[in-house]
Amino acid sequence: MKITSYTLHRLNIPLPLPIGDSQVRFDEHWLTVLELHCDNGTTGVGFGLQQGKPTCSLADLKMQFEYSCWNALKDQPPLHLAQRITRPRGGNVGGGYLILPVETALWDLVGKQLEMPLYRVFGGEHREVRAYGSTLDFRLSDEDFRKKLQRVSDCGFRAVKTKVGHTDIQWDLRRLAMVYDVMGKDIDLMVDANEAWSVKETLIRMNRYRDAGFEIFWIEDPITRGDYEGYARLCTELTFTRVNTGEYVGFSEKRQLLERGAVDVLNLHDAIHVTRAAAHLAADYGIPTSMGNTFLEIGVHLGASLPECLYMEFSDLAWNEIAQEPVEFRDGFALAPDRPGHGMELNQDKLTFYSKP
Ligand SMILES: [Mg+2]
């Protein structure tokens, strides 16, 4: 089986409600969808998400793809490419290997070639991954936040993550109270500050939440990435909750977080090879992991195959419209599709509808 041609799509999906956190607000998704076609008629699909700004035109995307990727893929077997490890350095041109859409499409092809769902290819035995509802609510009114929480609860989740980090701590406390109000107290409640605070502010806020009666399962990204000393201090001093970080950084920085005792739950939110390598390293440190949002929730295959993945994030986003059968969530668990590859076949009507030149 060899790769013979490709198709690129440029999509723009408007969001019914804005998503955001203490730092950003997004009203639409800009997506790149890559299809790699093989000589036996099999197609593998990969995705790239660009937040906050439009991707370049389809003609420019094609030109960049031809220039930087296509020569390495053309006439090659997918298994060979998906398994390749390259030097992670390279002076002015950087290092590393495959961009995310290419890597995802290659693994999709590998799964299809083996007639196996990806979580099985990656060694997983069970398709269930414990999941939490993620409200991405910072830019929502109290009323819309309440509706979102109700939906999370109605979908059967017993774990939820909300945004904190408002300049007014009373805002944070009010929203946390709404979570208990809608979902009850018998839940795992995570909060995400998206780098809003200093170390001291984090300690103040987390103690205030606790004093107000909120039990926080983890605090995510409270301070700036790269402040390993600060994260290590938080891991030591916040004995009543867990520190989750790693979402915004690559493999080397994740390694540093682990080496410096600067993370309690390592957030994996990256390419397949990086995620698997980082999870392996985290397991060696005895540190559990979590899966952040991945496009069309295909990270479920990673979550189902990695050691000690505590939770997978589910944000219920409009992107699931382009899948014929989105990943299923039931009773607080994500279920990895049992179809070959990642199992996300495209809805052609939606693809056409959201396509941009
Ligand atoms: Mg986050």
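The shown structure was predicted, so the numbers you read here are calculated from the model rather than taken from an experiment.

**Student:** How would you summarise the nonpolar core if you had to cite specific residues and measurements?
**Tutor:** Formed by 82 residues in total, the largest nonpolar core has its most connected members in Ala131, Val160 and Met312. In terms of residue count, the dominant contributor to this core is helix H3 (residues 100-114) (six residues). Each of domain 1 (3-116 + 348-354) and domain 2 (121-335) gives at least three residues to this core. Contact partners of Val160, with chain neighbours within four places excluded, come to Tyr132, Gly133, Thr135, Leu149, Val152, Val179, Met183, Ile187 and Leu189.

**Student:** Would you mind going over the domain arrangement of the protein in detail, with residue names and values included?
**Tutor:** According to the domain assignment, the protein consists of domain 1 (3-116 + 348-354) and domain 2 (121-335). Between the C-alpha centres of domain 1 and domain 2 there is a distance of 25 Å. Taken together, the 25 residues of domain 1 in the interface contact 24 residues of domain 2. When residues of the side of domain 1 that touches domain 2 are traced back to their parent elements, those giving at least two are strand S1 (3-20), strand S2 (25-38), strand S3 (43-51), H3 and helix H12 (348-354). Grouping the constituent residues of the side of domain 1 that touches domain 2 by class yields 15 nonpolar, six polar and four charged.

**Student:** Tell me about the packing of helix H5 (residues 142-154) against helix H6 (residues 169-183), and please be specific about residues and values.
**Tutor:** Relative to each other, H5 and H6 sit at 40°, their axes nearing to 9 Å. With respect to their mutual orientation, H5 and H6 come out oblique. Once H5 is placed against H6, the crossing between them reads as right-handed. Contacts between H5 and H6 involve Asp142, Phe145, Arg146, Leu149, Gln150 and Ser153 from the former and Arg175, Met178, Val179, Val182 and Met183 from the latter. Its residues placed into classes, the contact of H5 with H6 shows six nonpolar, two polar and three charged.

**Student:** Describe unusual backbone geometry, and please don't skip the residues or the numbers.
**Tutor:** The phi angle at Asp75 is positive, at roughly 65°, despite the residue not being glycine. Structurally, Asp75 can be placed in the loop between helix H1 (58-73) and helix H2 (78-83). What makes Asp75 exposed here is the crowd of 9 C-beta atoms within 10 Å. Backbone geometry at Asp316 places phi at a positive 55°, although glycine is not the residue there. With respect to the helices and strands, the residue Asp316 is situated in the loop between strand S11 (309-314) and strand S12 (328-330). Residue Asp316 is classed as partly exposed on the basis of its 18 C-beta neighbours within 10 Å.

Rules behind the numbers
- Residues numbered from 1 in each chain as written.
- Predicted model: local features only at pLDDT ≥ 70, side-chain atom pairs only at ≥ 80, totals over all residues.
- Core = buried A, V, L, I, M, F, W, Y, C linked by C-beta atoms within 7 Å.
- Buried ≥ 20, exposed ≤ 12 C-beta atoms within 10 Å, placed from the backbone.
- Helix = DSSP H or I, 4+ residues; strand = E, 2+ residues; numbered from the N terminus.
- Domains from an automatic or database assignment.
- Contact = placed C-beta atoms within 7 Å.
- Nonpolar A, V, L, I, M, F, W, Y, C, P; charged D, E, K, R; others polar.
- Axes fitted to C-alpha atoms, helices over the stretch in contact; angles between N-to-C directions.
- Parallel < 35°, antiparallel > 145°, perpendicular 65-115°, else oblique.
- Left-handed = near helix turned anticlockwise from the far one by under 90°.

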